[in-house]
Amino acid sequence: MSTRKLNLWTAISVVVGCVIGSGVFVKPGRVLVATGDSNLALLAWLLGGIISIAGGLTVAELASRIPKTGGVYVYMEEIFGKLMGFLCGWVQAIIYGPALMSALALYFGSLFVQFFAMPESSTKPVALIALFGLSAVTALSTNWSALVQNATTFVKLIPILVLGVAGLAMGDSPIFNIELAGKPTATGMGVAILATLWAYDGWIQVANLAEELENPVKNLPRAIIIGLVGTTLVYLLINMSLFHVVPLEDIAVLNEKTAAVAAETIFGSWGGKVIGLGILIAIFGCLNGNILTMTRVPYAMALRNAFPSPQIFSILHPRFQTPVNSIVLKTVIAAGMTIALNPDRITDIALFIMYIFFGLAFVGVILLRKKMGTPGPNEYKVPLYPIVPLIAGFGCLYICFSMLTQAPVDALVSLAVALTGIPVHFWMKRNGKQTLG
């Protein structure tokens, strides 16, 4: 009997649900500062969407041809060998996951202190309280964490739709052809696109739909295209709305606080508070979801002897049945990032290194076809091959090159931490541990 349960529209909702999160609220100022004017800022959001669509369509073929649990780091192992696979998993465990948790906690802290008129110095303490509090909930009960997630999932759509429509209808500032006063502090389309990809982050999860989707050969690309095109249009709508309501110079300074200020401008003090609370809840839910999923990575790797001290990180708490040691490790790393860095730097560092592996995955589709041949008529294959994988790959190359040239310290820090996985890999190999095997 077939186990395929998802129809096209359910799959589209899954795609949108995985992608739309906090990024559209917290990155408008960062993108604007990087580009210097409204037209280029909107173009950056569009190009980020195109890269994500091309990436989703490409990785879906890898998922269908390498039907193993583990995602990108398993694809890396199958195509490029055990060392590259381990490094990808190491990056997700040590950099990417903790960075997402830390950045979301900091964005939440920033908006929390604004909402309750607290001193700015309270931002990091509030962020740490949220981080440790939700990690504790996740450690004590997966069901409790799931309840928090379910309660906040649809809240995020309310401020997005209300702000997007009301801002365009009620704003009076020009949207297009407006330059940011003064020189931007960080110029470059690559840096701007990297910032937008924080908002599109989550597209990699769409590859997991193939096994449960009705008629995946036709419906998987449809779900990815419709879902991510819809998300791109929503992000453009929100940014145009913000430009229409809040002066560009203010957006550049406010960044993650822009949406709340726009809501208050449109709806007044009380209306702005309601929308601001919705944004706060949405980011809180995103933080909870990332803690729930990202803290499982060391545990999942340790189960396969693909992480140091697997006897520690592969066990579940005897009472709570949660991977407490894995949760503690990721939370401690995230807390260190929260104390030491600002959220924009954290997200840039995290996304830069992951997009190196995403770029390799896109190249991997081409290598896999040389090895295994073209997928058959009843198998999913990326449309418009090789154009779509090349778009995704060149997009990654451009983003990484731009960050290396314009934010070299952050890029090199990201690479250096990732490369610490090489001696760890060989230490495990020398001590008889199997990596990703």
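> Hey, could you run me through the overall build of the protein in this one?
When helices and strands are counted, the protein shows 20 helices and 0 strands. In terms of C-alpha radius of gyration, the protein reaches 21 Å, essentially the compact-globule figure of 22 Å for 437 residues. Taken along the three principal axes of its C-alpha coordinates, the protein extends 60 × 50 × 50 Å. For the protein, the residues scored as buried account for 55% of the 437 residues in total.

> How should I be thinking about the packing of aromatic side chains in this particular structure?
Two descriptors summarise a pair of aromatic rings, namely the distance from one centre to the other and the angle between the planes of the rings. For the coordinates displayed, the defined rule picks out 12 aromatic pairs. Between phenylalanine 86 and tryptophan 90, the aromatic rings sit 5.8 Å apart at their centres with planes inclined by 25°, giving stacked as the arrangement. Here phenylalanine 86 pairs with tryptophan 90, and both are found in helix α6 (residues 82-115), just 4 residues apart, close to one helical turn. The same class applies to phenylalanine 86 and to tryptophan 90, which are both buried. Seen from their ring centres, phenylalanine 108 and phenylalanine 112 are 5.7 Å apart, and the 40° between their planes marks the pair as tilted. Separated by 4 residues within a single helix, phenylalanine 108 and phenylalanine 112 lie in helix α6, roughly one turn from each other. Taking relative accessible area as the criterion, phenylalanine 112 reaches 24% and is therefore assigned partly exposed. One aromatic cluster is present, formed by Phe108, Phe112, Phe115, Phe116 and Phe284 through successive ring pairs. For the cation-ring pair, lysine 273 lies above phenylalanine 115, with the distance from its terminal atom to the ring centre recorded as 4.7 Å.

> Just to check I follow, could you spell out the pattern of salt bridges for this structure?
Any two side chains of opposite charge can pair, on the condition that their charged atoms come close. According to the stated counting rule, one finds 6 salt bridges in the structure shown. A salt bridge links arginine 369 to glutamate 61; its shortest N-O distance comes to 2.9 Å. Of this pair, arginine 369 sits in helix α17 (residues 343-372) while glutamate 61 sits in helix α4 (residues 38-65), and the two are 308 residues apart along the sequence. In this structure, arginine 369 and glutamate 61 share a single accessibility class: buried. For glutamate 77, the salt bridge is made with lysine 82, and the minimal N-O distance between the two is 3.2 Å. Judged by relative accessible area, glutamate 77 falls into the buried class, the value being 13%.

> Just checking my understanding: could you explain the side chain of serine 173 for this structure?
Mapping serine 173 onto the fold places it in the loop between α9 (157-170) and α10 (189-200). Relative accessible area serves as the criterion here: at 18%, serine 173 is assigned to the buried category. Apart from residues no more than four positions distant in its own chain, serine 173 is found in contact with Phe243, His244 and Val245.

> How do you make sense of helix α5 (residues 72-80) when you look at a structure like this?
Since the α-helix advances by 3.6 residues per turn, residues separated by three or four positions end up pointing in the same direction. For α5, the buried fraction is high: 7 of the 9 residues fall into the buried class. Residues of α5 that are buried include every one of Val72, Tyr73, Val74, Tyr75, Met76, Glu77 and Ile79, and no others. Buried-residue contacts for α5 involve α4, α6, α14 (297-303) and α17. In the segment just after α5, glycine 81 is the residue with positive phi, at about 105°.

Rules behind the numbers
Residues numbered from 1 in each chain as written. Predicted model: local features only at pLDDT ≥ 70, side-chain atom pairs only at ≥ 80, totals over all residues. Heavy atoms only, no water. Helix = DSSP H or I, 4+ residues; strand = E, 2+ residues; numbered from the N terminus. Rg over C-alpha atoms; globule rule 2.2 N^0.38 Å. Buried < 20%, exposed > 50% of the residue type's maximum accessible area, 1.4 Å probe, protein only. Phe/Tyr/Trp six-rings, centres within 6.5 Å; stacked < 30°, edge-to-face > 60°. Lys NZ or Arg CZ within 6 Å of the ring centre and 35° of its normal. Salt bridge = Lys/Arg side-chain N within 4 Å of Asp/Glu carboxyl O. Contact = heavy atoms within 4.5 Å.

Without other data, these values stay purely geometric and don't point to any function.
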